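Observations on chain architecture
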Amino acid sequence: MSAEAVSAARREFRTSLRLEITCEFAAVRAAVLEVRAWLAERGLPEADLSAWELALAEAVNNAVKYSKANARQLPVGIEISLGERDVEARITDHTAGFDWPEEVDLPDADSESGRGLFLIKSLTDYSTYLRHTGENILVLRRARTAPAKTNLPDVCQLQNRLTDAEMALTDMTAELSSSYESLVALFRYSSELGAHADLKDFSQRLLKDLMQIAEADYAVLRLVSTDGNKLQTLLILPGDSNVQLDAVDMADALASVEAAAARNCEDIWFGPEEPLGKHDPLRAVMPTGNGICHAFFVANQPVGTATLGRQRADKPFTAAQLSLLHTFVDFLAIQIVNARLLDERTAARVTRRELEIAADIQRSLLPSTIPACLPFEVAAACQSALQVGGDFYDIIPAADGALLLVIADVMGKGVPAALFAAVLRSTIRSMPQLFDQPGELLATANRTLFPDLSRVDMFITAQIAYLNPRRQKIISANAGHCPMLVCQRKTAVATAVSESGFPLGIEPMTRYAQVETDLPPDAAVLLYTDGLSETRNAGGDMLGEEKLLPMFAQAIMQTSDALAGKEFLLGSLDDYSNHQPLLDDHTLILIRHLA
Amino acid sequence: MNFVADHESLHATGLDRLSASNSAEFKQQVLLRMSATCRLVELDCSTVRFIDSDGLGTLVGIHKRLAVNDGKVRLHQPSPTVRQLLRLLHLDEIFEVTP
């Protein structure tokens, strides 16, 4: 039988019968008949019943016959386990034991003894003899004979099935009762959830209880790494051992039973019959004995493995103990996944908070009032998109009643963009002597900010305009920003001032040309960020500068002051986008000559 | 267990099994009733449900006693399972098996 077949056979639901008999021949017959009847009730065919009757009789007779004189008061144990594919018997004796032969020859025809072992070997598919101080266990296994195929089940078969169902129910009831202890433990954990946020601490207490209930000596809990490639150790119990286990590569299924269990989605048993591989890391924790490794999954994704081990090689874990491992560990898996979801939610909350901070910074940068600059009137707006961008504008009083108008867009979103906007604002405000030379102002700001911006691969587009009411001019310079638009009311046409240099943070020594534009009565100027020109309509078409120009001209023609013009323009943009939420900030400064 | 004996034969009936738990007693009873000139021990197997290696060893021992007189053990009407067992152990070659 291959290792896969053995582990597959053991994963199925098995039902078992356990007997203890006094160490005398008279008791053997009754026990063998009890086993036979038990197997018959479960539908085993006559061929299997006869084979087990004889094989068991031979095995148990030997246990009685060769029992040590001082061990005759000890019982002989018989455990029968019935699975879908095979039947297994374990006979525990208190004899001196002997070396189980690989092959047994038939003795001479006239020999009066020596046929027992030959019969056992002939009647079973697998046999092994586990020797131990004080007691030994003979393990016998025989595949079940497939039932004969008939089209219609007869009454007898139906009765057998009914009996099977009743027995299964009885077994399940018994198992439920025996699970009481684990249920109590799980309820206790449930009530503690939330009170203990530490997953490791929680897992440790759960695993300790499991070890006690399942009579395990060791336990190892591993979790799949976030990239899904490794099994990382979370816990090794008992905790006082100094053993360290390195992470196991999930691809290393040949060397590690844990990786194999996780990859193949199966429980793996190991012990004297199926020892751990030579290089299996688990050997460091469980050098001898036997154990089971169970991989646990949530939504078909491996979450980790739990391995239980026992020092004693002759006492493998039972199917019920495996079920117990499943129950505990699957419960743990849910907690692990919940903890991860909680982490993700926390991270999302942190991100949301970060955006709130960025929005606060952005708002704090905007001027609370706009200084008067007659005969000009200035209006401004900064409408934030859902995701905070790096737009900002500033309006700073300058000498001789002039105003410095700044509009900028820091590449990127969130707190970093908001911080650079703040730095740019301070940098500009610290150079009032250059306010009337916007080109020089941009060049100096670029030199100042370049080291910081280039270090984090960010840049800023900015437009600076010096509004001189006395000379009725505006002097502008542009660092890669949207061009300033100028509209003359009498022509009803808007044009763009397209002179521009690199954005700030691209080249340290960039020079910026200054453009002087006359602002006669009824002239209007628009400084804006790309959020305006990139507004999309319901069909996904971008507005662009071409359509923004007439939209701006119309706003000027339809209104008579800066504030109304600004509202009209924002309304037109909102109409264009079919009232959808903004994808990017809408920031603008509108200047009108009122005379 | 019932026995009917004469000079040359012994017939045993009413046995339900021949195993480790009763084979020693069976052998003792047979040897007690067997005459020195006995050449046939016939066991009515129609009622025997079960025979194990101890039971068969006992029959081999009786066979060896009879062989001195050129005698034999006859198993009458063994069940298919017992026949199968005899074949497996090649004991159908030394015992006479009658249907």
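Residues numbered from 1 in each chain as written. Chains lettered and ligands numbered in written order. Predicted model: local features only at pLDDT ≥ 70, side-chain atom pairs only at ≥ 80, totals over all residues.

For chain B, the helix and strand inventory stands at three helices and seven strands. Starting at the N terminus and ending at the C terminus, chain B contains elements arranged as β-β-β-α-β-β-α-β-α-β. Counting every position in chain B, which comprises 99 residues, the buried fraction comes to 38%. Across chain B, contacts joining residues at least 24 apart in sequence account for 73% of those joining residues at least 6 apart. (Helix = DSSP H or I, 4+ residues; strand = E, 2+ residues; numbered from the N terminus. Buried ≥ 20, exposed ≤ 12 C-beta atoms within 10 Å, placed from the backbone. Contact = placed C-beta atoms within 7 Å.)

Let us look at the overall build of chain A. Tallying secondary structure elements over chain A gives 14 helices and 21 strands in all. Per-residue burial over chain A gives 36% buried out of 595 residues. When contacts within chain A are restricted to residue pairs at least 6 apart in sequence, long-range pairs at least 24 apart make up 67% of them.

Before going further, it helps to spend a moment on the sheet that holds strand β21 (residues 586-593) of chain A. Residue and element names in this part refer to chain A. An order of β12-β21-β20-β17-β18 is seen for the five strands of this open sheet, with the pairing classed as antiparallel. Edge positions in the sheet fall to β12 (376-383) and β18 (493-497), since each has one partner strand and no second. Taken over all neighbouring pairs, the strand axes of this sheet differ in orientation by 20° on average, direction set aside. Together, β12, β20 (523-528) and β21 form the strand contacts of helix α14 (residues 562-576), whose direction differs from that of β21 by roughly 140°. (Pairing = 2+ DSSP bridges. Axes fitted to C-alpha atoms, helices over the stretch in contact; angles between N-to-C directions.)

All names here are of chain B. The alternating pattern of strand β2 (residues 9-13) places Leu 10 and Ala 12 on a buried face and Ser 9, His 11 and Thr 13 on a face that is not buried. Inspection of the sheet shows strand β1 (residues 2-5) paired to β2 by four bridges, in the antiparallel sense. Paired with Phe 3 across the bridge in β2 is Ala 12. Taking the residues between adjacent antiparallel strands as the criterion, β1 and β2 are bridged by three residues.

Let us look at the environment of Ser 323 of chain A. Tracing the chain through its elements places Ser 323 of chain A in helix α9 (residues 319-365). Sequence spacing of Ser 323 of chain A and Ala 214 of chain A is 109 residues, and the spatial spacing of their C-alpha atoms is 9.8 Å.

We now examine the packing of helix α3 (residues 46-65) of chain A against helix α4 (residues 116-123) of chain A. Residues and elements named next belong to chain A. One can describe the packing of α3 onto α4 by two numbers: an axis separation of 9 Å at closest approach and a directional angle of 140°. When the axes of α3 and α4 are compared, the pair comes out oblique. Read as a crossing pair, α3 and α4 show a hand that is left-handed. Contacts from Ala 51, Leu 54, Ala 55, Glu 58, Ala 59, Asn 61 and Asn 62 of α3 reach α4 at Gly 116, Leu 119, Ile 120 and Leu 123. When the residues that make up the contact of α3 with α4 are grouped by side-chain class, the tally is seven nonpolar, three polar and one charged. (Parallel < 35°, antiparallel > 145°, perpendicular 65-115°, else oblique. Left-handed = near helix turned anticlockwise from the far one by under 90°. Nonpolar A, V, L, I, M, F, W, Y, C, P; charged D, E, K, R; others polar.)

For the rest of this paragraph, the subject is helix α7 (residues 199-213) of chain A. Residue and element names in this part refer to chain A. A rise of 1.5 Å per residue sets the reference length of α7, with its 15 residues, at 21 Å; its end C-alpha atoms lie 21 Å apart and thus fit the reference within 8%. Taken together, the buried positions of α7 are Ser 203, Leu 206, Leu 207 and Leu 210. One side of α7 carries all its buried residues, which in axial view fall inside an arc of 100°. Seen from the buried face of α7, the exposed residues on the opposite side, beyond 90 degrees, are Asp 201 and Gln 212. The positive-phi residue at the C-terminal boundary of α7 is Glu 215, with phi of around 55°. (Expected span 1.5 Å × (residues − 1). Arc of directions from axis to C-beta.)

With that settled, the discussion passes to the pairing of strand β14 (residues 403-410) of chain A. Each regular strand shows side chains that alternate between the opposite faces of the sheet. All names here are of chain A. With eight of eight residues buried, β14 is to be regarded as a mostly interior element. By the alternation rule, side chains of β14 split into Leu 403, Leu 405, Ile 407 and Asp 409 and Leu 404, Val 406, Ala 408 and Val 410, which are all buried. Where strand β13 (residues 391-397) lies against β14, seven bridges are found, and the strand directions are antiparallel. Across the sheet, the residue bridging to Ile 395 is Leu 405, located in β14. Turn length for the β13-β14 hairpin, with the two strands adjacent in sequence and antiparallel, is five residues, and the turn residue Asp 400 shows positive phi of about 60°. Bridge analysis of β14 against strand β15 (residues 460-468) gives eight bridges, and the strand direction is antiparallel. In the sheet register, Ala 408 faces β15, and the bridge partner there is Ala 462.

Averaged over every residue, the pLDDT of chain A is 85; the share at 70 or more is 90%. Below a pLDDT of 50 lies the segment residues 1-11 of chain A, which in the model reaches 15 contacts outside its immediate sequence neighbourhood of four places, other chains included. (pLDDT = per-residue confidence, 0-100.)

All names here are of chain A. The omega angle of the peptide bond from Leu 237 to Pro 238 is 0°, so this bond is cis rather than trans. By secondary structure assignment, the location of Pro 238 is in the loop between β7 (230-237) and β8 (248-249). Cis peptide bonds are those with omega within 30 degrees of zero, and the linkage from Leu 374 to Pro 375 qualifies with 10°. Residue position: Pro 375 is located in the loop between α9 and β12. Although it is not a glycine, Glu 215 adopts a positive phi angle of roughly 55°. By the element assignment, Glu 215 lies in the loop between α7 and β6 (218-224). Given 14 C-beta atoms within a 10 Å radius, Glu 215 is considered partly exposed.

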